[in-house]
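Next come the chains, spelled out residue by residue.
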Amino acid sequence: MATSEVLPVAKSTVGELAAFGGSRLFASPKSTSNLVRPDFAKFLDYSRVFFDARHYTNNGPVVRLLERRLAAFHGTRHCVTFCSGFWALAVALKLSALEGRSEVVMPSLTYRRMADVAAWAGLVPRFCEVDERSLAQTAATVEPAITADTALILAVHPIVNCCDVAGLERLARSRGLPLVFDSVESVYEAAPEGKIGAFGDVECFSMHASKLLNGFEGGYITTNDASLARKVALARGFGFEGESNVVVPHGLNAKLNEIHAAMALASLDEIEDQVSRNRGRYRVYRHALSGIRGLRLLGFDESSRPSYKNIVVELLEDWPLSRDATVGLLNAENVLARSYYHPPLHRRRMAYRHAPADLALTDRLAARFVVLPSGHFVTDDDIRKLAALLGFLRANGAAIAARLAPGFPRA
Ligand SMILES: *Cc1c(COP(=O)(O)O)cnc(C)c1O
């Protein structure tokens, strides 16, 4: 393919950057959220089922259908839905933790609310390092964080590709520890050992509108453990069975309602189309960014059946601007790029206890990655325009840096 292909011109002078008073590159925001809207007629068809049955929540027909469909999708025996991924995780952690122990080993370079999840489960996070290449925890990075007080391991898939599932399973088994996966970002993927969903003791997923599978809000767990699935299902509905026999402590009301399940089913029906559109966008990104020095696009591992949903670039040594300045300049243009999992959890001030951690690699990695727009509202032309803007930042980095207010973008 020609390397000299003409890119659209984003800006011709530094003064035209929106950060310096120029007009924005995009009239409407370009976000990193998926926001896929499935076929409305399909959504109505599923909705009619519960509406006609007058069964709006409490394990109605559409929720039950969704759970069957998701169990089949992941190849697991059980699926239990929740009102959010957050509560699916909290319940999974709570019910998997070894009794009498208080710590959960988890990465620090991860989902920003993960320490809150642990706190609701009554657990203290002990943050571990990640692997430089995968940006995820591995058996080797988890092992040093295991103590006599470890109640379980929480492994989180990174937003591009999967973590080393088999290695983590081996470690958990050899140390006699429960293993929970946060597989929100790998819902579509397959590890070499099989489809994501059937690993560890239990895996957790989200159906928030920003994720691959849009149920407006929602979450679910998958497992092959019938007794765990039963306890999880009880916990989400107040923890009682029959009239008032509380059989699972810490029950809560975290049920998925029928209309969210209808949306999720309509989305699930179209998931292949969505992935193929994502793949198209990824390929345009790959081509458009290939000539820009100092930027490395994280590549998808084609052998793991990727969803191609998230676009992440690493700013290399010779990129002329700081990561925060780069994100600030993009945001000013209506490009809602985000820092990748920054600050890492061990650097946040939080109200909960967490074990002290010294994570030099995580600190270094947390300053280098940017998540770029993707999903339903991003066109191929948008991507080419954005690439041209990045090329402009690259070419004029020194002049831009000299003109930025001290402390930008915070000042
Ligand atoms: C979004 C997300 C969650 C939480 O899901 P919600 O449905 O928004 O509560 C958990 N883990 C990861 C990795 C996420 O990206």
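My aim in this report is to walk through the structure given alongside it, one point at a time. Bear in mind that the values here come from a model prediction, so they are computed numbers and not experimental data. (Residues numbered from 1 in each chain as written. Predicted model: local features only at pLDDT ≥ 70, side-chain atom pairs only at ≥ 80, totals over all residues. Heavy atoms only, no water.)

**Some words on the sheet that holds strand β5 (residues 179-182)**
- An order of β1-β9-β8-β5-β4-β2-β3 is seen for the seven strands of this open sheet, with the pairing classed as mixed. The open sheet terminates on both sides in strands that have one partner only, identified here as β1 (78-82) and β3 (124-128). Neighbouring strand axes in the sheet, compared pairwise and without regard to direction, differ in orientation by 25 degrees on average.
- Strand direction decides the pairing type here: β5 and strand β8 (residues 202-206), joined by three bridges, are parallel. From the neighbouring strand, D182 faces β8, where its bridge partner is C204.
- Helix α2 (residues 61-74) rests against β1, β8 and β9 (219-223) of the sheet, and its axis sits at about 130 degrees to β1. (Pairing = 2+ DSSP bridges. Helix = DSSP H or I, 4+ residues; strand = E, 2+ residues; numbered from the N terminus. Axes fitted to C-alpha atoms, helices over the stretch in contact; angles between N-to-C directions. Contact = heavy atoms within 4.5 Å.)

**Comments concerning the site of the ligand**
- Taken together, S84, G85, F86, L89, Y111, D182, V184, E185, S206, H208, K211 and G218 make up all the residues around the ligand.
- Here an oxygen atom of the ligand and a side-chain polar atom of S206 are 2.7 Å apart.
- Here an oxygen atom of the ligand and a side-chain polar atom of K211 are 2.8 Å apart.
- Burial of the ligand by the protein chains amounts to 91% of its free accessible area of 380 Å². (Near = heavy atom within 4 Å. Polar contact = N/O pair within 3.5 Å; in protein donor to acceptor, adjacent residues only side chain to side chain. Areas by Shrake-Rupley, 256 points an atom, 1.4 Å probe, with all protein chains shown as cover.)

**Focus on the packing of aromatic side chains**
- Taken as a whole, this structure holds twelve aromatic pairs when the rule is applied.
- Seen in terms of ring centroids, Y340 and Y341 are 4.8 Å apart; in terms of plane orientation they differ by 55 degrees. Their pairing is tilted. Grouping residues by exposure puts Y340 and Y341 together as buried.
- Ring pairs connect the aromatic residues F40, F43 and F216, which therefore count as one cluster.
- Directly above the ring of F73 sits K195, whose terminal nitrogen or CZ lies 4.5 Å from the centroid.
- Across the ring face of F20, the terminal group of R403 is positioned such that the distance to the ring centre comes to 4.8 Å. (Phe/Tyr/Trp six-rings, centres within 6.5 Å; stacked < 30°, edge-to-face > 60°. Buried < 20%, exposed > 50% of the residue type's maximum accessible area, 1.4 Å probe, protein only. Lys NZ or Arg CZ within 6 Å of the ring centre and 35° of its normal.)

**Points about helix α9 (residues 271-289)**
- A rise of 1.5 Å per residue sets the reference length of α9, with its 19 residues, at 27 Å; its end C-alpha atoms lie 27 Å apart and thus fit the reference within 8%.
- What α9 keeps buried is the set I271, Q274, V275, N278, R281, Y282, V284, Y285, A288 and L289.
- Close packing links the buried residues of α9 with α2, α8 (258-269), β12 (295-297), β13 (311-315), β15 (369-372) and α12 (380-395). (Expected span 1.5 Å × (residues − 1).)

**What about the sheet that holds β12?**
- Here we have four strands laid out as an open sheet, ordered β12-β13-β15-β14, and antiparallel in their pairing. Because the sheet does not close on itself, it has two edges, and the strands there are β12 and β14 (338-339).
- α9 contacts β12, β13 and β15 of the sheet and is inclined by roughly 155 degrees relative to β12.

**Thoughts on the environment of L389**
- Within the secondary structure, L389 sits in helix α12.
- Residue contacts for L389: discarding those within four places in its chain leaves A10, K11, L17, L25, L330 and E333.

**Some thoughts on the side chain of D116**
- By secondary structure assignment, the location of D116 is in helix α4 (residues 114-120).
- Excluding its chain neighbours within four sequence positions, the residues that come into contact with D116 are F86 and Y352.

**Let's talk about helix α3 (residues 85-96)**
- Compared with an ideal rise of 1.5 Å per residue, which puts twelve residues at 16 Å, α3 spans 16 Å between its outermost C-alpha atoms and is within 8% of the ideal.
- Extensive coverage of α3 is indicated by the burial of ten of its twelve residues.
- Residues of α3 that are buried include every one of G85, F86, A88, L89, A90, V91, A92, L93, L95 and S96, and no others.
- Measuring from the side-chain oxygen of the N-cap residue of α3 to the backbone nitrogen of F86 gives 3.4 Å; that N-cap residue is S84.

**A word on unusual backbone geometry**
- Each neighbour pair has its own omega, and for H342 with P343 the value is -10 degrees, a cis peptide bond.
- Tracing the backbone shows P343 in the loop between β14 and α11 (360-365).
- With an omega of 10 degrees, the peptide bond running from F408 to P409 counts as cis.
- The residue Y308 is not glycine, and still its phi comes out positive at about 55 degrees.

**Focus: a nonpolar patch on the surface**
- On the surface, F238, F240 and V246 cluster together into a nonpolar patch covering about 280 Å² of accessible area.
- Among the secondary structure elements, F240 is positioned in strand β10 (residues 240-241).
- For F240, a relative accessible area of 34% translates into the label partly exposed. (Patch = residues over 30% accessible without salt bridge, like charges linked within 9 Å, V, L, I, M, F, W, Y side chains within 5 Å. Salt bridge = Lys/Arg side-chain N within 4 Å of Asp/Glu carboxyl O.)

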